[in-house]
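Understanding the architecture of this molecule
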Amino acid sequence: MTATAPARREPKRRRPSPAAAPLDSLADELLFLILDRAAAADPRALKAFAAASRACRAAESRHRRALRPLRADLLPAALARYPRAPRLDLTLCARVPDAALAAVAAAPGAAAASLRDLDLSRSAGFGAPGLAAVARACAGLQDLDLSNGVELGDAAAAEVARMRGLTRLSLARCKAVTDMGIGCVAVGCADLRDLSLRWCLGVTDLGIRLLALKCRKLATLDLSYTMITKESLPVIMKLPNLQVLTLVGCIGIDDDALCSLEKECSKSLQVLDMSHCQNVTDVGVSSIVKSMPNLLELDLSYCCPQITPPLARSFKNITKLRTLKLEGCKFVADGLKAIGTSCVSIRELSLSKCSGVTDTELSFAVSRLKNLLKLDITCCRNITDLSLAAITSSCASLISLRMEACSRVSSGALQLIGKHCSQLEELDLTDSDLDDEGLKGLAGCSKLSSLKIGICLRISDEGLIHIGKSCPKLRDIDLYRCGGIRDDGIIQIALGCPMLESINLSYCTEITDRSLMSLSKCGKLTTLEMRGCPRVSSTGLSEIAMGCRLLSKLDIKKCFEINDVAMLYLSQFSHSLRQINLSYCSVTDIGLLSLSSICGLQNMTIVHLSGITPNGLIAALMVCGGLRKVKLHEAFKSMMPPHMIKAVEARGCGLQWIDKPFKVEVEPCDVWKQQSQDVLVR
Amino acid sequence: MEGGMTSLETAMKASSSMASGAIRNADSDQQTLRSNSLEQFYFPRPGQLPGIPPFFGPPSSSLYLPNDNEAKIGNPFESIPSQNKDWDPHAIVSNLTFLEQKIKQVKDIVQSMSNRENQIAGGSCEVAAKQQLITADLTSIIIQLISTAGSLLPSMKNPLLSSNPAVRQLGNSLGSPMGFGMNANQRPSVDNKTDIPGAGKTSDYDELMNNLNTTQDERDELMKCPNPCGGEGSEPTPMEDHDVKESDDGGEGENLPPGSYVVLQLEKEEILAPHTHFCLICGKGFKRDANLRMHMRGHGDEYKTPAALAKPTKDSGSDHAPVTRYSCPFVGCKRNKEHKKFQPLKTILCVKNHYKRSHCDKSYTCSRCNTKKFSVIADLKTHEKHCGRDKWLCSCGTTFSRKDKLFGHVALFQGHTPALPMDDVKVSEASEQPQDSEPMNEMTRSMGYSFPCSSSDGLSNLDMKMVDDARFSPLSFDPCFGAFDDFTRPGFDISEDPFSFLPLGSCSYGQQNVDS
């Protein structure tokens, strides 16, 4: 949805041909339908459509819902062309000066007045004056995202308070905003439905209390990592329309605060997230669950040190509970069994990284939770085939099963997954004993969309071919360090899974350009990670660049064969590229400079490239205006002119200096796995 | 006369009409006494003054009292009901006639004294003797009055007494030199006596009494009420509720049941006197601790020990001394014991501060802001510490010294919003934009304050008025930004830059905006 890339024109642009005329006479509604379909197939089609005729261009400008300029200085032009776009997304502009916001406010026509949604969450450089201009001009603004505005203070919040119509506001990580700013917002924006104050460390109970008093319509509230205590928790809990309350990492919330709530909880509350509230124990939790009868989702991850049977039984009071997350908790004395008997309604259970999960308890629990749709038992290292047998036999309707690093489950038991759970859409078997037979069994899961089978050293092309043949809906496959995979398996995946969006081939050392050539047929591919694949070369990557135009994330670290040629292709075709890791490649200054012509590029990692000189590097950094974060080798720091570094940083680009030793060789997958398991034993 | 009547009547709504009739009579007597006080008349000296016992049956007083009343007065508590039933108008008439005569006599003595003072400068012995004589006479008159009127009114007891500080002072100044022990049994009669004069008419009478008692330098101005109004079951006097805004701390959170403590009521003069040492038993104040210790001896032998004399009797008296609370002498005040929702004050210091804060002029003005006034100097000092530093500001212009106060205010009033202090706005803007220009500063300052109140709110925004509207109108806003092109490149100066291919196109903002 990149708007108005300035110099891009259709190579063979002609005057509107007579064939385009019928299109002009279509009603707007029909044109918009066509546009929607075209955009769904390929976002770039909109540009071609607009170029077809004047009427098409006008229709496209009328129909555009969102603007996402690459640079803030393009704003006036973009707003002139799309005066009715309700959403302005500035996430690609690292630096949005006040003047740019003033330009938005001063845009000709109704552009400012029709703006509903403004996203400044990834931008810096603006302050209260810019927001004041927006507040004055954009009377209809409803949705404002100021996340990560670490420079924004109370003055900025006071300007936000003048946007009376705001219903959604995010001030996440606006650490300089204090109670005064929040007080202004609370009084000014009384219609707020959705507010995030995550990481607003300057906000205390005073501000939160006033907020709860003035903004009675709040339905979604994120107070994570704030200093909220029992002083303001009751008023928040009593908000009449509150549905989603997020209290992640609130150290001020303790048992005392929860117990003091009594029955004062909002009856409308549906989602409560208290993960990482380290001062909350089972006592506090069991005291509040009684008064939240309508709760659908409860997250107690890393919150209660112990899940005791009484706590588990108290969940009985939440009759509608559907999601229960208990990551990182410790089960004592049949706590898990009690979960099984108490939470019969739940559909989603997460026991990731829990300790005290044993075969008998888990088997008992899942035998009661027959309606489970999602189960996460990541890192429950003690469970064996018994548990998996119980899971697969009881929960036949599972759509998501995540069991990374359940290393004691044997390959034979893993075959049961495919046999019984045919509804699976998401499966994570990373670091397991999976073999080709298991993969063959998964062939029954035709709805599979995400398959993570990294660090499964026993799988080979033979098994992967089954997946490729039977899982046409696959979007995401992770084959990290699957040393047994060769080109044939990947080719089959590429052929059988046209929807593929993301593939991870890192350290699959055997794959070659053949795999890449076949993958280039996957037009929706956005993420390609293949670090440590020494046998791929520029040829294969060039094919990818030409075929996968939507590619936005590319990791080719330690693909030593890849050189400037591939970069030239990327710069020519991959205009969606946002992130690239070039470490250890054979790319030189030329490749880097050509790469930097991709205006949307945000993240680059350029470490240990022998062909890069400081001059080439600084030139690339200066040219590439949209950069946000660049990792460079420490050695370059002293070789680049300091004022240049300053200039780059002033534009909003963070430079991270890496000081890792140069290490070319890649250890074999089995050695690596053994090392990782040795850590576990120790 | 009529004014006195109405004030009395309002104060005694609960009383019977019969009682008020009696008071009317008594009042008229009092009037006579005062208006004729200059007449000269010689009156034979009554019996030994110190010989008058603390009770109402002095041998000398029998001379003046009709016989039928004497016995009853001797024990008023027992006699009240029967007296009420067999109320005899004739007896009262004879009593009053007698009183008239008696008052006339006293008036004459006083008159003669004033005349003689003019003639002979010396003769202090004789004057003193006469003063004593007058005092004794007046006392007996008052006693007589009370026994006539007061005993008829069983419902009028303590409350009315204490409702008028000046009256009570009169009673005290009369009583103490005469050696009347102000004990509990005596209270009802004394109380009723003090009802007699109207509230506003007592002052000159009071003065007279003070003059008569000049020999006594330590007057007992304080009365001890072992049982406050609520305790004895006597009806609290209906009274208008003057809810004075309380700022003192004494007795605020306490919930002592009425009757479980002794209520002391210091007088106005006592409260305002610059005393620092107070008797823990009666509340009397002294300038010197030594005087207090000497005073304490009068409270009993236990205070005469060397230890008690050495230092204040805080610890030794703590176990046996009853819980003492204080009443404000201001009638109608919530801290006054007549009040329906009486809240006693905990310490004498509380009394002093409360009285000064609530019922005195605020004579201390803050020299910094020249607006805030205080009646307690400590308050002024506290304020001066923070004056000018009220940095918590509301959009309505009110300032607060504490953030929670501001937020309480904002929570209370619709449309009010916290406002950022001028300095803060400037500072924060300056930190955001290091290359701030002057118009920018002006603008941010104005914007920092211009929170529009909701239109329905009548409170106009004070700070809004300071904004120079012409300068910051939307029309002139855009050119303002022409000066900010530098913002796009903070931290370095482009002129030093050898690279001229900077990709930023932001230099065009100013022109674009001006054009549009």
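Residues numbered from 1 in each chain as written. Chains lettered and ligands numbered in written order. Predicted model: local features only at pLDDT ≥ 70, side-chain atom pairs only at ≥ 80, totals over all residues. Heavy atoms only, no water.

**As for the overall build of chain B**
Helix and strand counts for chain B come out as 20 helices and 10 strands. In chain B, buried positions account for 45% of the 516 residues. A fraction of 64% describes how many contacts in chain B between residues 6 or more apart in sequence connect residues 24 or more apart. As displayed, chain B offers around 25,800 Å² of accessible surface, 54% of which is attributable to carbon and sulfur atoms. (Helix = DSSP H or I, 4+ residues; strand = E, 2+ residues; numbered from the N terminus. Buried < 20%, exposed > 50% of the residue type's maximum accessible area, 1.4 Å probe, protein only. Contact = heavy atoms within 4.5 Å. Areas by Shrake-Rupley, 256 points an atom, 1.4 Å probe, with all protein chains shown as cover.)

**Considerations on the sheet that holds strand 10 (residues 418–419) of chain B**
Residues and elements named next belong to chain B. Spatially, the three strands line up as an open sheet ordered 9-8-10, and their pairing is antiparallel. Of all the strands in the sheet, just strand 9 (399–400) and strand 10 have a single pairing partner and so form its edges. Examined bridge by bridge, strand 8 (residues 392–394) and strand 10 share two bridges and lie antiparallel to one another. Residue pairing in the sheet places Cys-394 in a bridge with Pro-418 of strand 10. Lying on the sheet, helix 16 (residues 403–412) is in contact with strand 8, strand 9 and strand 10; it crosses strand 8 at an angle near 15°. (Pairing = 2+ DSSP bridges. Axes fitted to C-alpha atoms, helices over the stretch in contact; angles between N-to-C directions.)

**Examining the side chain of Glu-60 of chain A**
All names here are of chain A. Mapped onto the elements, Glu-60 comes out in helix 4 (residues 54–63). Taking relative accessible area as the criterion, Glu-60 reaches 3% and is therefore assigned buried. If sequence neighbours within four positions are ignored, Glu-60 has contacts with Leu-35, Leu-46, Phe-49, Ala-50, Arg-81 and Tyr-82.

**Comments concerning helix 4 of chain A**
Burial in helix 4 of chain A covers these residues: Cys-56, Ala-59, Glu-60, Ser-61 and His-63 of chain A. Near the N-terminus of helix 4 of chain A, the side chain that reaches the backbone nitrogen of Ala-55 of chain A, with its oxygen 3.3 Å away, is that of Ser-53 of chain A. (Polar contact = N/O pair within 3.5 Å; in protein donor to acceptor, adjacent residues only side chain to side chain.)

**A closer look at the packing of helix 6 (residues 98–105) of chain A against helix 8 (residues 128–137) of chain A**
Describing two packed helices takes the angle between their axes plus the distance from one axis to the other. All names here are of chain A. Remark: helix 6 packs on helix 8, axes separated minimally by 8 Å, with the N-to-C direction vectors making an angle of 5°. The pairing of helix 6 with helix 8 is recorded here as roughly parallel in orientation. Where helix 6 approaches helix 8, its residues Asp-98, Leu-101, Ala-102 and Ala-105 are matched on the opposing element by Pro-129, Gly-130, Leu-131, Ala-133, Val-134 and Ala-137. Looking at the contact of helix 6 with helix 8 residue by residue, the classes come out as eight nonpolar, one polar and one charged. (Parallel < 35°, antiparallel > 145°, perpendicular 65-115°, else oblique. Nonpolar A, V, L, I, M, F, W, Y, C, P; charged D, E, K, R; others polar.)

**Regarding the packing of helix 11 (residues 205–214) of chain A against helix 16 of chain B**
Look at helix 11 of chain A against helix 16 of chain B: their axes get within 10 Å of each other, and the N-to-C directions meet at 0°. If you check the angle between helix 11 of chain A and helix 16 of chain B, you find them roughly parallel. In contact with Leu-206, Gly-207, Leu-210, Leu-213 and Lys-214 of chain A of helix 11 of chain A, helix 16 of chain B contributes Lys-403, Asp-404, Phe-407, Val-410 and Ala-411 of chain B. A class-by-class count of the residues in the contact of helix 11 of chain A with helix 16 of chain B yields six nonpolar, one polar and three charged.

**Quick look at the packing of aromatic side chains**
Residue and element names in this part refer to chain A. Per the stated rule, a full pass over the model turns up six aromatic pairs over all chains. An angle of 90° between the planes, with centres 6.5 Å apart, marks the rings of Phe-560 and Tyr-584 as edge-to-face. Remark: Tyr-584 occurs in the loop between strand 21 (579–581) and helix 26 (589–595) and Phe-560 occurs in the loop between strand 20 (553–555) and helix 25 (564–573); sequence separation between them is 24 residues. Residue Tyr-584 is classed as buried on the basis of its relative accessible area of 9%. Here the aromatic residues Tyr-480, Tyr-507 and Trp-672 are joined through ring pairs into a cluster of three or more. (Phe/Tyr/Trp six-rings, centres within 6.5 Å; stacked < 30°, edge-to-face > 60°.)

**Let's talk about the confidence of the model for chain B**
All names here are of chain B. Looking at chain B, the pLDDT average stands at 57 and 37% of residues meet or exceed 70. Confidence drops under pLDDT 50 across residues 154–252; counting only partners more than four residues distant or on other chains, this segment forms 208 contacts. Per-residue pLDDT stays below 50 along residues 313–318; that stretch engages in five contacts with residues further than four places along the chain or on separate chains. (pLDDT = per-residue confidence, 0-100.)

**Regarding a nonpolar patch on the surface**
Taken together, the side chains of Leu-26, Leu-30, Leu-33 and Ile-34 of chain A present a nonpolar region at the surface, about 320 Å² in accessible area. By the secondary structure assignment, Leu-26 of chain A is in the loop between helix 1 (21–25) and helix 2 (28–41). (Patch = residues over 30% accessible without salt bridge, like charges linked within 9 Å, V, L, I, M, F, W, Y side chains within 5 Å. Salt bridge = Lys/Arg side-chain N within 4 Å of Asp/Glu carboxyl O.)

**What to know about the side chain of Asp-98 of chain A**
Residue and element names in this part refer to chain A. Here Asp-98 is to be found in helix 6. An unpaired buried charge is present at Asp-98: no salt bridge exists, and Arg-95, the closest side chain of opposite charge, is 9.0 Å distant. At 3.0 Å, the side chain of Asp-98 forms a polar contact with the backbone nitrogen of Gly-130. (Lys, Arg positive; Asp, Glu negative; His and termini not counted.)

**Let's talk about the pairing of strand 23 (residues 629–633) of chain A**
All names here are of chain A. By the bridge criterion, four bridges tie strand 22 (residues 603–606) to strand 23 in an arrangement that is parallel. Note on strand 23: the bridge partner recorded for Thr-605 is Lys-631. In terms of handedness, the path from strand 22 via helix 27 (residues 614–623) over to strand 23 forms a crossover that is right-handed. Here strand 23 runs beside strand 24 (residues 654–658); their pairing, made up of five bridges, is parallel. What sits directly across from Lys-629, in strand 24, is Gly-654. (Right-handed = clockwise from strand over helix to strand, strands pointing away.)

**Notes on the environment of Leu-292 of chain B**
All names here are of chain B. Structurally, the position occupied by Leu-292 is in helix 12 (residues 289–297). Judged by its relative accessible area of 6%, Leu-292 is buried. Separated by 14 residues in the primary sequence, Leu-292 and Phe-278 have C-alpha atoms spaced 7.0 Å apart.

**Some thoughts on helix 14 (residues 348–359) of chain B**
Residue and element names in this part refer to chain B. Between its first and last C-alpha atoms helix 14 spans 16 Å; for 12 residues at 1.5 Å apiece the expected length is 16 Å, and the two agree. Counting buried positions along helix 14 yields nine of 12 residues, so the element is predominantly enclosed. When helix 14 is considered as a whole, its buried residues turn out to be Ile-348, Cys-350, Val-351, Lys-352, Asn-353, His-354, Tyr-355, Ser-358 and His-359. In the core, the buried residues of helix 14 are packed alongside helix 11 (268–272), strand 3 (277–278) and strand 5 (324–327). (Expected span 1.5 Å × (residues − 1).)

**Points about the pattern of salt bridges**
Residue and element names in this part refer to chain A. Scanning the model with the defined rule gives 31 salt bridges over all chains in all. Across the pair Arg-402 and Glu-426 runs a salt bridge whose closest N-O atoms are separated by 2.9 Å. Pair noted here: Arg-402 is in strand 14 (residues 400–402) and Glu-426 is in strand 15 (residues 426–428), with a separation of 24 residues, a long-range link. Between Glu-501 and Arg-475 there is a salt bridge; the shortest N-O distance is 2.8 Å. Of the two residues, Glu-501 sits in the loop between helix 22 (487–496) and strand 18 (502–504) while Arg-475 sits in the loop between helix 21 (461–470) and strand 17 (476–478), which places them 26 residues apart along the sequence. A relative accessible area of 29% means that Glu-501 is categorised as partly exposed. Linked by salt bridges that have partners in common, Arg-87, Asp-89, Asp-117 and Asp-119 make up one network.

**Side note on the nonpolar core**
Core analysis: the biggest nonpolar cluster contains 220 residues, and Leu-272, Met-274, Phe-315, Leu-519, Leu-528, Met-530 and Met-567 of chain A have the highest contact counts within it. Looking at this core element by element, the count peaks at six residues for helix 10 (residues 179–188) of chain A. Listed in part, the 13 residues of the second largest apolar core include Leu-266, Phe-278, Cys-333 and Ile-348 of chain B. (Core = buried A, V, L, I, M, F, W, Y, C linked by side-chain atoms within 4.5 Å.)

**Topic: the pairing of strand 2 (residues 262–265) of chain B**
Residues and elements named next belong to chain B. Here strand 2 shows two buried faces, one formed by Val-262 and Leu-264 and the other by Val-263 and Gln-265. Here strand 2 runs beside strand 5; their pairing, made up of four bridges, is parallel. By the bridge assignment for strand 5, Val-262 is matched with Thr-324.

**Some words on unusual backbone geometry**
All names here are of chain A. If you check the backbone angles, Tyr-225 has positive phi at about 60° while not being a glycine. Following the sequence through the fold, Tyr-225 ends up in the loop between strand 7 (220–222) and helix 12 (233–237). Its identity as a non-glycine residue notwithstanding, His-608 has a phi of 60°, on the positive side. Residue placement: His-608 occurs in the loop between strand 22 and helix 27.

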